[in-house]
Amino acid sequence: MYRGQSGMWAWLLHRITGLGVLLFLVVHIVDISLLGFGPAVYNEGIALFGTPVVRFVSLALIGALFYHAFNGVRIMLVDFVPKAASYQRIMFWTVMILTIVCFLPMAYFVLAPLFGVNTGNTASGM
Amino acid sequence: MRLSTGYGARPTSGGFETFSWYFMRISAIGLIFLAIIHLILNHVTTDVACTSYQLIAQRYANPYWRVYDWLLLTLALLHGMNGLRVVIDDYVRTAAWRIRLVSLLGTLTLVLFMVGTVTLITFEPVVGSLGPHCLK
Ligand code: HEM
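Rules used throughout
Residues numbered from 1 in each chain as written. Chains lettered and ligands numbered in written order. Predicted model: local features only at pLDDT ≥ 70, side-chain atom pairs only at ≥ 80, totals over all residues. Heavy atoms only, no water. Helix = DSSP H or I, 4+ residues; strand = E, 2+ residues; numbered from the N terminus. Rg over C-alpha atoms; globule rule 2.2 N^0.38 Å. Buried < 20%, exposed > 50% of the residue type's maximum accessible area, 1.4 Å probe, protein only. Contact = heavy atoms within 4.5 Å. Areas by Shrake-Rupley, 256 points an atom, 1.4 Å probe, with all protein chains shown as cover. Core = buried A, V, L, I, M, F, W, Y, C linked by side-chain atoms within 4.5 Å. Donors = N, O, S within 2.8 Å, 3.2 Å for Na, K, Ca; no water. Buried area = accessible area lost by both parts, 1.4 Å probe. Salt bridge = Lys/Arg side-chain N within 4 Å of Asp/Glu carboxyl O. Polar contact = N/O pair within 3.5 Å; in protein donor to acceptor, adjacent residues only side chain to side chain. Nonpolar A, V, L, I, M, F, W, Y, C, P; charged D, E, K, R; others polar. Axes fitted to C-alpha atoms, helices over the stretch in contact; angles between N-to-C directions. Parallel < 35°, antiparallel > 145°, perpendicular 65-115°, else oblique. Arc of directions from axis to C-beta. Near = heavy atom within 4 Å.

1. With respect to the overall build of chain B
Here comes step 1: For chain B, the helix and strand inventory stands at four helices and zero strands.
Here comes step 2: When the helices and strands of chain B are listed from N to C terminus, the series reads α-α-α-α.
Here comes step 3: A compact globule built from 136 residues would reach a C-alpha radius of gyration of about 14 Å, whereas chain B, at 19 Å, exceeds it by more than 25%.
Here comes step 4: With the C-alpha coordinates aligned to their principal axes, the bounding extent of chain B is approximately 60 × 35 × 25 Å.
Here comes step 5: With 136 residues in all, chain B has 46% of them scored as buried.
Here comes step 6: Here the analysis covers contacts within chain B between residues at least 6 apart in sequence; of these, 68% occur between residues at least 24 apart.
Here comes step 7: Approximately 7,600 Å² of chain B is accessible, and the part contributed by carbon and sulfur atoms is 74%.

2. Some points on the nonpolar core
Here comes step 1: With 46 residues, the main nonpolar core has Phe66 of chain A together with Phe123 of chain B as its most contacted residues.
Here comes step 2: Sorting the residues of this core by element identifies α1 (8-33), α2 (39-47), α3 (52-80) and α4 (88-111) of chain A together with α1 (16-43), α2 (53-59), α3 (63-91) and α4 (95-122) of chain B as the ones contributing at least two each.
Here comes step 3: The element best represented in this core is α3 of chain B, accounting for eight residues.
Here comes step 4: With residues near it in sequence (within four places) discarded, Phe66 of chain A still touches Thr99, Cys102, Phe103 and Met106 of chain A together with Ile36 and Leu39 of chain B.

3. Remarks on the coordination of the iron atom of the ligand
Here comes step 1: For the iron atom of the ligand, the full set of protein donor atoms is His68 of chain A (NE2) and His79 of chain B (NE2), at a range of 2.0 Å.
Here comes step 2: Look at His79 of chain B and you get buried, because its relative accessible area is 13%.

4. Some words on the interface of chain B and chain A
Here comes step 1: Contacts between the two partners involve 50 residues from chain B, matched on the other side by 47 residues from chain A.
Here comes step 2: For the pair chain B and chain A, the two sides together bury roughly 4,000 Å², of which 70% comes from carbon and sulfur.
Here comes step 3: Between the two partners, chain B and chain A, sit three salt bridges.
Here comes step 4: A salt bridge links Arg25 of chain B to Asp79 of chain A; the shortest N-O distance between them is 2.7 Å.
Here comes step 5: Counting across the interface, chain B meets chain A through eight residue pairs in polar contact (both at pLDDT 80 or more).
Here comes step 6: Looking at the side of chain B that touches chain A, the elements that each hand over two or more residues are α1, α2, α3 and α4 of chain B.
Here comes step 7: Of the residues that constitute the side of chain B that touches chain A, the class distribution is 32 nonpolar, 14 polar and four charged.

5. Regarding the packing of α3 of chain B against α4 of chain B
For any two helices packed against each other, one specifies the inter-axial angle together with the distance between the axes.
All names here are of chain B.
Here comes step 1: The geometry of α3 relative to α4 is characterised by a closest axis approach of 10 Å and an angle of 170° between their N-to-C directions. Viewed along their axes, α3 and α4 adopt a mutual orientation that is roughly antiparallel. In this structure, α3 contributes Arg66, Asp69, Trp70, Leu73, Thr74, Leu77, Leu78, Met81, Leu84, Arg85, Ile88 and Asp89 to the contact, and α4 contributes Arg98, Leu101, Val102, Leu105, Leu108, Thr109, Leu112, Phe113, Gly116, Thr117, Leu120 and Ile121.
Here comes step 2: Here the residues of the contact of α3 with α4 are counted per class, giving 15 nonpolar, four polar and five charged.

6. Re α2 of chain A
Here comes step 1: When α2 of chain A is considered as a whole, its buried residues turn out to be Tyr42, Asn43 and Ile46 of chain A. Taken down its axis, α2 of chain A places every buried residue within 95° of arc, on the same side. Exposed and facing more than 90 degrees away from the buried side of α2 of chain A are Ala40 and Glu44 of chain A.
Here comes step 2: Structurally, α2 of chain A contributes buried residues whose contacts are with α1 of chain A together with α2 of chain B.

7. Overview of the site of the ligand
Here comes step 1: Around the ligand sit 23 residues, and of these His14, Arg15 and His68 of chain A together with Arg25 and His79 of chain B come closest.
Here comes step 2: Looking at what sits near the ligand, you find residues from chains A and B.
Here comes step 3: Between the ligand and the protein, one listed contact pairs an oxygen atom with a side-chain N or O atom of Arg25 of chain B at 3.0 Å.
Here comes step 4: Elements that contribute at least two residues to the shell around the ligand include exactly α1 and α3 of chain A together with α1 and α3 of chain B.

Dropping the structure here:
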């Protein structure tokens, strides 16, 4: 679809991130369905998300979603704004920078508990 | 068929593929907000280790959160699965296999949609489940 141009890498990454997030969505629908089995079962399942390995995997998915979302906006601009196609390079780098800028604070919040850093979002009863 | 209009590629057949093309973009606009807010709620304002049964019991006491989550479920599932359908069309060479795989995909989508929807609608917290949220 967007093959053979400088946008090839953007396209490939868009496809891979979309499929990665979709795979997660399938798992996520199943893990949320554990709600029907009561608090003990559900909480045991969700506890996995707090483990170091799953935190890193989640973070990768968060990065993937940011890229996919911002690149999706770039695709739509190219589709609907007549002159956008002449700004391909600058739009691609804007997507990359926005992805990184959003990713870094997320990385801080997702990984902080592993290092015993209290970000104030684990207060009991919140 | 795609025409060059000075805009980007845009399907002009007027059939299902055109519908699909617009659906991907309309759902995408919804998903930007729905998915990113969802991430912030479950990883920033509340750590993921605190997204327990107790937290959900509290959130789902407000029906609007169920509507929010159902919209996210529906749009993400249809957008993602329709994206995968396009990927299958791109890489699977024979029509017979395309039909088999796309049928399987349709069935899987329907099953996941029902599992997700039933979970959202039927959730009724067990008595005494309101309490501290964080596991540990
Ligand atoms: C967060 C907001 C999102 C935006 C702005 C967005 C945007 C887009 C756009 C514009 C396309 C291209 C459609 C086309 O070429 O016709 C697309 C494709 C796709 N999206 Fe998304 N999307 C978002 C979220 C998601 C989510 C949550 C998933 C997974 C559940 C997903 C999975 C996919 C897949 C698998 C494709 C097909 C990739 C391909 O054909 O190469 N997207 N997205």
